[in-house]
Amino acid sequence: MKKLTIGIIAHVDSGKTTLSESILYKSGIVRSLGSVNKGSTYMDTNDIERDRGITIFSSSASFVYGDTEFTLLDTPGHVDFSPETERALRVIDCAVLVISGTDGVQSHTLTLWRLLEAYRIPTVIFVNKMDIASFPQENVCSNIRSRLGDGVVNIGALALEKHREELAMCSEALMESFISGEEFSDRDISEAISTRRLFPCYFGSALHGKGVEMLLEGVAKYVHTPDYSDKFGAKVYKITRDKNEPIVHIKLTGGVLHVKDSLTLKHFDGSVTEEKINTIRIYSGEKYKTVNEVTAGTVCALTGITSAYAGMGLGEEKDCGAVHLEPVLSYRVDLPDGVDAHTALIKFRELEEEEPALHVMYNEQKGEIYFGIMGEVQLEVLTRVIAQRFSMNITFSDGSIAYRETVRRAIVGIGHYEPLRHYAEVQLLIEPLERGAGLVFDADRDCGLEGHFRRLVVSHLYEKNHIGALTGSPITDMKITLIAGRSHLKHTEGGDFRQATWRAVRQGLRMAESVILEPWYDFRLEVPSECIGRAMTDISAMGGRFGEPELEDGVSMLSGSAPVSKMRGYHRDIIGYTKGAGKLFTSLKGYEECTEPEAVIAECGYDADRDVGNTADSVFCDHGAGFTVPWYEVESYKHLDSGVDISDETEEELSARAERYMRAVADDEELMRIFERTYGPIKERNFNTRKKVKAKLPTPKPKPSPVSKAYTGSEYLLVDGYNIIYSWDDLRAMSEKSLDLARTVLCDRLSNYRGFCDCDVIVVFDAYKVKRNHGETEKVGGITVVYTKEAETADTYIEKVSHELAKNHRVRVATSDCQEQLIIFGNGAIRVSARGLLAELTDVERNIREIIG
């Protein structure tokens, strides 16, 4: 017998559950029609669903119609519960999209339509409530086609020549039949539906049972049964609980499954577990029957499986990957007196297993729990669910926008954990991905670690909700790859790689140029034509984008996109200035770069340095004692060289920069003297660097501050001269014989560095240590050398100058003075340790020597 799984989906109040009830009545599953208003429907089994009159949880029912065995999934129609709908879409063979004949295509209809396209699901349209619709089928179908696109055909009226032409336009095979005057074959129609070039449109009234049988016959006749493999495969689409026992809802996509079979569960962190099936249930509404065996195409539920998750692939199936619908709001959970946050968090994790879109977050700094929320109706439902299940009367704070963070360009994060008798080092390549890609973890490349340690690193990447360095929001749209790692035969303990991995992620995020992402809506705004000017002005003020307005019967329609933070609550303004005549339809578009990052950072008030639960610092060992190295100096202490070059410059760009530098040296006598003092006499001044530079020259990489911003000016490097001299062994030894010589050598090296790296260098010396006029400034080899005023120290001067320059320039300050580092960091400048500057200069000098041969 043919097997089909169909999903009934719709915008809320389109009559979706009533259609499901009518289908079950026509197929003989129920003897009388239930009512949504009376709370007596077969599919809405939860008390909250019956009280509110809406579907909140997807539910299934099985029936036979003709020679087809159907599994029907009734899904939520309210936008607040759309992630539940999306999970159900992963296992259906065909969607029945219900559209109200009185309201037409609505905002959530468009969201669902995009989801169907993303999952490539064959779709049949049922236009409901035609018994009370104001327009005939032709007008309604034409309106739907104008909103959803070509391929929407009134398939119940193919006797009309017009509809035959519309159907013929859907595929070449159908067009050939039309031109030759032949009847359309069922096979060609089925093929057009399965490839989403044809969307058959049926009309009727679910409440009165009209058009329902034609819909069922059409689905049974034209929708293909998928080709199933003989090898076992299944998709987990939902997790529920029955008396605290996990119930794993799956669709079998290959092979046969028996009670007491053992399943191999491959988890996203690379670990593998074996679990045995206790029972197999076939649900129909709130009731179920147990069976001993199921075959491919069956939707069922398993008990005995405790570590599965929604979206998991079993057997031949792979995990489903990232979802398209994410919550755009974040709400703090206010716990009742006497309830510990950690205890509540454990219970809330159960809810998150059932509804992964909740994104339960725990802020360790504040001891607060946050939920990702789709809307206010979901808040009411969650409050009631938590009270019923956990006897906990919670409330929610005012919601805020659910921001995300990513990185603008690739960076290497380093984590080292080596207190006494412990050891692990991890280096991770953190790369940006396209919007909506989520997080991808990879440990497949050769990194110097044995396989079980690599799997351990990936496991630790998955087990933590990593947050960004700007606002503490979850990170997304990144690929994190293990590129280097080291263990110790005797001293590596179980938790060492956890510490090293988490610190590596955090250190990379602190080093990176972070980007705040905010959610955006796609919108369609319908207002009286005299109000369109006001609407366009409002959307522009929001920073939104829109196309040319469309005019139809005195109504102007504007389509575009805008930030959720600005459009939230705008429907109230529309009601006001249109006197109730305007309509706003919104759907989540995705995340885009935040338009006002500094305001968001200030609003969030997150301090990465004080977040000890997400430290970026590393722990190294010296003479038997561990010591902490700040995140901005870890690069200088690392034990491994990953060999990964993350320079943004191409080989041609690097060669061109090197050539510009060498020609500048050749054309400037002072620069040439400095150059030859450092590298020796140059006999030939015809520098052909394009032939000599054979590999990428690593660009010294600045260490960004946590507040990433756009700078309009050039980059500055401020150097505390004497601090650096006394920090570098060679210069310190030189200064004991001649401080003037040490100053000259430092300035010469910085001059070469400035020319090669194309930045402005300011070296500051305390004037009281040198016999010259206080407050004097001079240019030496292209760098600015400053001798402070009589009562002024170098760190005071640097603090003042860095504060002014950092307003429009990227400013880095090189010093080993910890107190000075904290001060300049507060000014918005970027800290560079003395050790870090030495490493950068050494790299540059090595590259210069390669150029001159």
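Residues numbered from 1 in each chain as written. Predicted model: local features only at pLDDT ≥ 70, side-chain atom pairs only at ≥ 80, totals over all residues. Heavy atoms only, no water.

## Topic: the overall build of the chain
Of the regular secondary structure elements, the chain holds 27 helices and 40 strands. Expressed as a percentage of its 853 residues, the buried residues of the chain come to 54%. Sequence separation of 24 or more characterises 71% of the internal contacts of the chain that already satisfy a separation of 6 or more. With the model as given, the accessible surface of the chain reaches about 38000 Å², and the carbon-plus-sulfur share is 47%. (Helix = DSSP H or I, 4+ residues; strand = E, 2+ residues; numbered from the N terminus. Buried < 20%, exposed > 50% of the residue type's maximum accessible area, 1.4 Å probe, protein only. Contact = heavy atoms within 4.5 Å. Areas by Shrake-Rupley, 256 points an atom, 1.4 Å probe, with all protein chains shown as cover.)

## Describing the sheet that holds strand β39 (residues 810–814)
Spatially, the 6 strands line up as an open sheet ordered β37-β38-β36-β35-β39-β40, and their pairing is mixed. At either end of the open sheet lies a strand with only one pairing partner, and these are β37 (777–780) and β40 (830–832). Looking at each pair of strands side by side, their axes are set apart by 25° on average, direction ignored. By the bridge criterion, 3 bridges tie β39 to β40 in an arrangement that is parallel. Each bridged residue has a counterpart across the sheet, and for Arg812 the counterpart in β40 is Ile830. Relative to strand β35 (residues 715–720), helix α25 (residues 794–805) is tilted by about 170°, and along the sheet it contacts β35, β36 (760–765), β38 (783–787) and β39. (Pairing = 2+ DSSP bridges. Axes fitted to C-alpha atoms, helices over the stretch in contact; angles between N-to-C directions.)

## A short note on the sheet that holds strand β17 (residues 313–315)
Read from one edge of the open sheet, 6 strands run β14-β13-β16-β9-β8-β17, paired in antiparallel fashion. Looking at strand neighbours, the two that pair on one side only are β14 (287–291) and β17, the edges of this open sheet. The mean angle between the axes of side-by-side strands here comes to 40°, regardless of whether they run parallel or antiparallel. By the bridge criterion, 3 bridges tie strand β13 (residues 279–284) to strand β16 (residues 299–303) in an arrangement that is antiparallel.

## Some points on unusual backbone geometry
Positive phi, normally seen in glycine, also occurs at Lys260, with a value near 75°. Even without glycine at this site, Asp477 takes up a positive phi of about 55°.

## Digging into the pairing of strand β34 (residues 625–629)
Pairing between strand β33 (residues 618–622) and β34: 5 bridges, direction antiparallel. From the neighbouring strand, Val619 faces β34, where its bridge partner is Thr628. What sits between β33 and β34 in their antiparallel hairpin is a turn of 2 residues, with His623 showing a positive phi close to 55°.

## As for the side chain of Thr476
Inspection of the secondary structure puts Thr476 in the loop between α12 (451–463) and β27 (478–487). Thr476 gets classed as buried once you look at its relative accessible area, which sits at 15%. Engagement of the side chain of Thr476 in a polar contact is seen with the side chain of Asp477, the distance being 3.3 Å. Excluding residues within four positions of it along the chain, Thr476 makes contact with Arg404, Glu405, Thr406, Gly438, Leu439 and Leu517. (Polar contact = N/O pair within 3.5 Å; in protein donor to acceptor, adjacent residues only side chain to side chain.)

## What to know about the nonpolar core
Nonpolar side chains tend toward joint burial in soluble globular proteins. Within the largest apolar cluster, 52 residues are counted, with the highest numbers of intra-cluster contacts made by Phe348, Ile369, Phe371, Leu525 and Tyr570. It is helix α11 (residues 376–390) that provides the largest number of residues to this core, a total of 7 residues. In this structure, Leu525 is in contact with Ala535, Ser556, Met557, Leu558, Tyr570, Ile574, Tyr577, Lys583 and Leu584, ignoring residues within four places of it in sequence. Counting 39 residues, the second-largest nonpolar core is a separate cluster that includes Ile8, Leu24, Cys94 and Tyr222. (Core = buried A, V, L, I, M, F, W, Y, C linked by side-chain atoms within 4.5 Å.)

## A short note on the pattern of salt bridges
Across all of its chains, the model carries 40 salt bridges by this definition. The closest approach of N and O atoms between Asp730 and Arg749, which form a salt bridge, is 3.6 Å. Of this pair, Asp730 sits in helix α23 (residues 729–737) while Arg749 sits in helix α24 (residues 739–757), and the two are 19 residues apart along the sequence. Looking at Asp730, the relative accessible area reads 40%, which means it is partly exposed. For Arg749, a relative accessible area of 10% puts it in the buried group. With its nearest N and O atoms 1.9 Å apart, the salt bridge here joins Arg743 to Asp740. One end of the pair, Arg743, and the other, Asp740, are both in helix α24, 3 residues apart, so they sit about a helical turn from each other. A relative accessible area of 47% places Asp740 in the partly exposed class. Salt bridges sharing common partners tie together Arg241, Glu350, Glu353, Glu354 and Arg389. (Salt bridge = Lys/Arg side-chain N within 4 Å of Asp/Glu carboxyl O.)

## Describing the state of the cysteines
Enumeration according to the criterion identifies 0 disulfides in this entry. Free of any disulfide, Cys201 has its nearest cysteine sulfur in Cys141, 4.4 Å distant. (Disulfide = S-S within 2.5 Å.)

## Overview of the confidence of the model for the chain
Close reading of the predicted structure is inappropriate where its pLDDT is low. Looking at the chain, the pLDDT average stands at 86 and 89% of residues meet or exceed 70. Per-residue pLDDT stays below 50 along residues 819–825; that stretch engages in 25 contacts with residues further than four places along the chain or on separate chains. (pLDDT = per-residue confidence, 0-100.)

## Some points on α24
The terminal C-alpha atoms of α24, which comprises 19 residues, lie 27 Å apart, in line with the 27 Å expected from a rise of 1.5 Å per residue. Of all 19 residues that make up α24, 14 are buried, and the element is covered over most of its length. Of the residues trailing α24, Asp758 is marked for its positive phi of about 55°. (Expected span 1.5 Å × (residues − 1).)

## What to know about the packing of aromatic side chains
The final tally for this structure, using the stated rule, is 16 aromatic pairs. Measuring from ring centre to ring centre gives 5.1 Å for Phe63 and Phe70, while their planes differ by 15°; the resulting arrangement is stacked. The pair formed by Phe63 and Phe70 is uniform in burial state, with each residue classed as buried. For the pair Phe453 and Phe497, a centre-to-centre distance of 4.9 Å together with 35° between the ring planes defines the contact as tilted. Of this pair, Phe453 sits in helix α12 while Phe497 sits in helix α13 (residues 496–511), and the two are 44 residues apart along the sequence. Owing to a relative accessible area of 0%, Phe497 belongs among the buried residues under this scheme. The rings of Tyr331, Phe348, Phe371 and Phe396 are connected pair by pair, giving a single aromatic cluster. Arg196 extends its terminal NZ or CZ atom over the ring of Trp113, reaching a point 5.4 Å from the ring centre. (Phe/Tyr/Trp six-rings, centres within 6.5 Å; stacked < 30°, edge-to-face > 60°. Lys NZ or Arg CZ within 6 Å of the ring centre and 35° of its normal.)

## Some points on the side chain of Thr298
By the secondary structure assignment, Thr298 is in the loop between β15 (293–295) and β16. The buried category is assigned to Thr298, whose relative accessible area is 11%. With residues up to four places along the chain from it excluded, the contact list for Thr298 reads Lys3, Ile250, Lys251, Leu252 and Ile282.

## Quick notes on the packing of α12 against α13
It is the contact of α12 with α13, at a shortest axis distance of 9 Å, that shows an interaxial angle of 60°. Put simply, α12 runs oblique to α13. The element α12 and its partner α13 pack so that their crossing is right-handed. From α12, Phe453, Leu456, Val457, His460, Leu461 and Glu463 reach across to α13, where they touch Phe497, Arg498, Thr501, Trp502 and Val505. Taken together, the residues of the contact of α12 with α13 sort by class into 7 nonpolar, 2 polar and 2 charged. (Parallel < 35°, antiparallel > 145°, perpendicular 65-115°, else oblique. Left-handed = near helix turned anticlockwise from the far one by under 90°. Nonpolar A, V, L, I, M, F, W, Y, C, P; charged D, E, K, R; others polar.)

## Considerations on the environment of Cys94
Counting through the fold element by element, Cys94 comes out in strand β4 (residues 94–100). Its relative accessible area of 0% is what places Cys94 among the buried residues. C-alpha of Cys94 to C-alpha of Leu116: the two residues are 22 residues apart in sequence and 9.6 Å apart in space. Once you skip the residues sitting within four places of it in the chain, Cys94 turns out to touch Thr5, Ile6, Gly7, Ile121, Pro122, Val124 and Val223.

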